[in-house]
Every structure is written in structure tokens, then in C-alpha cells.
Amino acid sequence: MALYEHVFLARQDLSPQQVEALVEQYKGVIEAGGGTVGRVESWGQKSLAYRIQKNRKAYFTLMDIDAPAEAVKEVERQMGLSEDVLRFMTIRVEAHEEGPSAMMQRRDDRNERGPRRDRDDRGPRRDRDDRGPRRERDTNEGDE
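Residues numbered from 1 in each chain as written. Predicted model: local features only at pLDDT ≥ 70, side-chain atom pairs only at ≥ 80, totals over all residues. Heavy atoms only, no water.

Asks: Hey, could you go over the overall build of the protein chain for me, with residue numbers and the actual values?
Replies: The helix and strand inventory of the protein chain stands at three helices and four strands. N-terminal to C-terminal, the α/β element order of the protein chain is β-α-β-β-α-β-α. For the protein chain, contacts bridging at least 24 residues in sequence account for 76% of all contacts bridging at least 6. Within the structure as shown, the protein chain displays about 11100 Å² of accessible surface, and the carbon and sulfur contribution to it stands at 44%. (Helix = DSSP H or I, 4+ residues; strand = E, 2+ residues; numbered from the N terminus. Contact = heavy atoms within 4.5 Å. Areas by Shrake-Rupley, 256 points an atom, 1.4 Å probe, with all protein chains shown as cover.)

Now the structure itself:
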């Protein structure tokens, strides 16, 4: 069986209990198709970058799935028909991540690469004067 990460966005006017009921419904579909659902992370209600079906916010949920492709296709089919699901995305992965996802980690834990680079670290900005003198235009260039 293949490994997948599946994220879906549920409408903002649902209650957290209704979102959990959706997760349980889709878990049942995966298990009926011969797969298993590992980690389920609820990322909570977040603002969207743009409105989707008149919604400005949505509940984000991540599911780690180990299932055959047919079971995943069935979940995607049912999500496409559901009015409660705004968007979904399934990605096939080689292995599931251990521990919390990047969305669940604290901001301090995500910045392990070092301090944030500021604008001053890039060097001086090039101004218009750095290009050198302008080339003299010949006044008769366009007359020929």
C-alpha cells in the first residue's frame, strides 16, 4: 500500500465537533477500502489567502494515510461532493514524518537554521547612480 498525506479545508461555519465527525467519516471510508489512517492533526481555523465559496476562514486538517489508491480516490470523490469541504489535496510520500508537522511546531522550533536574515545582510542596495554614466543619444538616430 502507498503512503499519503491528505489535507482538507472545512467550512468556517462548522463546529469543531462537526469537523471531527467529517474526519471520522473519511477514516471509515479509508478503513473500508483496506487502508489505515495514522496521525490526524487539526490545525484549527485559519484565515485563507483568498475567499473560497464566500468563506474567508476554514478549518485545516492533516491525515497520514496508508491505503491503496482506490480508497484514496473514493475519499477524494466523497469530499468533492460534500458541501462542507472547500478544498483538499493528497500527496503521495515515501515515508510519514515523525513528530508534529511544521504547522504544529512552535515558531522558535522551526527556525533551527539560524537567525532570520535581515535586509542589511544582503549587502548594499544598488542605486540608479551605480549604473555609470548614460550613453549619449545621437539626435539623428530616428530620422534615417
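Asks: Report on the nonpolar core, specifying residues and quantitative values.
Replies: Counting residues in hydrophobic clusters, the biggest one holds 21 residues, and the most contacted among them are Phe-8, Ala-10, Tyr-26, Ile-30, Met-63 and Ile-65. Residues Leu-9, Ala-58, Phe-60 and Leu-62 belong to the second largest nonpolar core, which totals nine residues. (Core = buried A, V, L, I, M, F, W, Y, C linked by side-chain atoms within 4.5 Å. Buried < 20%, exposed > 50% of the residue type's maximum accessible area, 1.4 Å probe, protein only.)

Asks: Help me get a handle on helix α1 (residues 16–32), residues and values and all.
Replies: Taking 1.5 Å per residue as the helical rise, α1 with its 17 residues ought to reach 24 Å, and the 24 Å between its terminal C-alpha atoms agrees with that figure. Every buried residue belonging to α1 is among Val-19, Leu-22, Val-23, Tyr-26, Val-29 and Ile-30, and all of these are buried. The arc that holds the buried residues of α1, viewed along the axis, is 120 degrees, so those residues lie on one side. Summarising the geometry of α1, the exposed residues directed more than 90 degrees from the buried face are Gln-17 and Ala-32. On its buried face, α1 sits against β1 (2–11), β2 (36–52), β3 (55–67), α2 (69–81) and β4 (85–93). (Expected span 1.5 Å × (residues − 1). Arc of directions from axis to C-beta.)

Asks: For the pairing of β3, give the residues involved together with the corresponding values.
Replies: Of all 13 residues that make up β3, 10 are buried, and the element is covered over most of its length. Two strands pair when backbone bridges link them, and β1 and β3 are joined in this way by 10 bridges, in the antiparallel orientation. Each residue of the ladder has a partner; that of Tyr-4, found in β3, is Ile-65. Inspection of the sheet shows β2 paired to β3 by 10 bridges, in the antiparallel sense. Directly across from Gly-44, in β3, lies its bridge partner Phe-60. (Pairing = 2+ DSSP bridges.)

Asks: Quick one: what's the story with the packing of aromatic side chains, residue by residue and with numbers?
Replies: Aromatic rings in a pair are described by how distant their centres are and how their planes are angled relative to each other. For the coordinates displayed, the defined rule picks out one aromatic pair. Ring centres 6.1 Å apart and planes at 75 degrees place the aromatic pair Phe-8 and Tyr-26 in the edge-to-face group. Of this pair, Phe-8 sits in strand β1 while Tyr-26 sits in helix α1, and the two are 18 residues apart along the sequence. Each of the two residues, Phe-8 as well as Tyr-26, counts as buried. (Phe/Tyr/Trp six-rings, centres within 6.5 Å; stacked < 30°, edge-to-face > 60°.)

Asks: Please provide a residue-by-residue account of the pattern of salt bridges, values included.
Replies: If you walk through the whole model with that rule in mind, you get six salt bridges. Note that Glu-24 is salt-bridged to Lys-27, the shortest N-O span being 3.7 Å. Of the two residues, Glu-24 and Lys-27 are both situated in helix α1; the distance of three residues between them amounts to about one turn of the helix. A relative accessible area of 45% means that Glu-24 is categorised as partly exposed. Between Arg-39 and Asp-64 there is a salt bridge, with its nearest N and O atoms 2.9 Å apart. Of the two residues, Arg-39 sits in strand β2 while Asp-64 sits in strand β3, which places them 25 residues apart along the sequence. One exposure class covers both Arg-39 and Asp-64, and it is buried. Salt bridges here are not isolated pairs; linked through shared partners, they connect Arg-11, Asp-13 and Asp-84. (Salt bridge = Lys/Arg side-chain N within 4 Å of Asp/Glu carboxyl O.)

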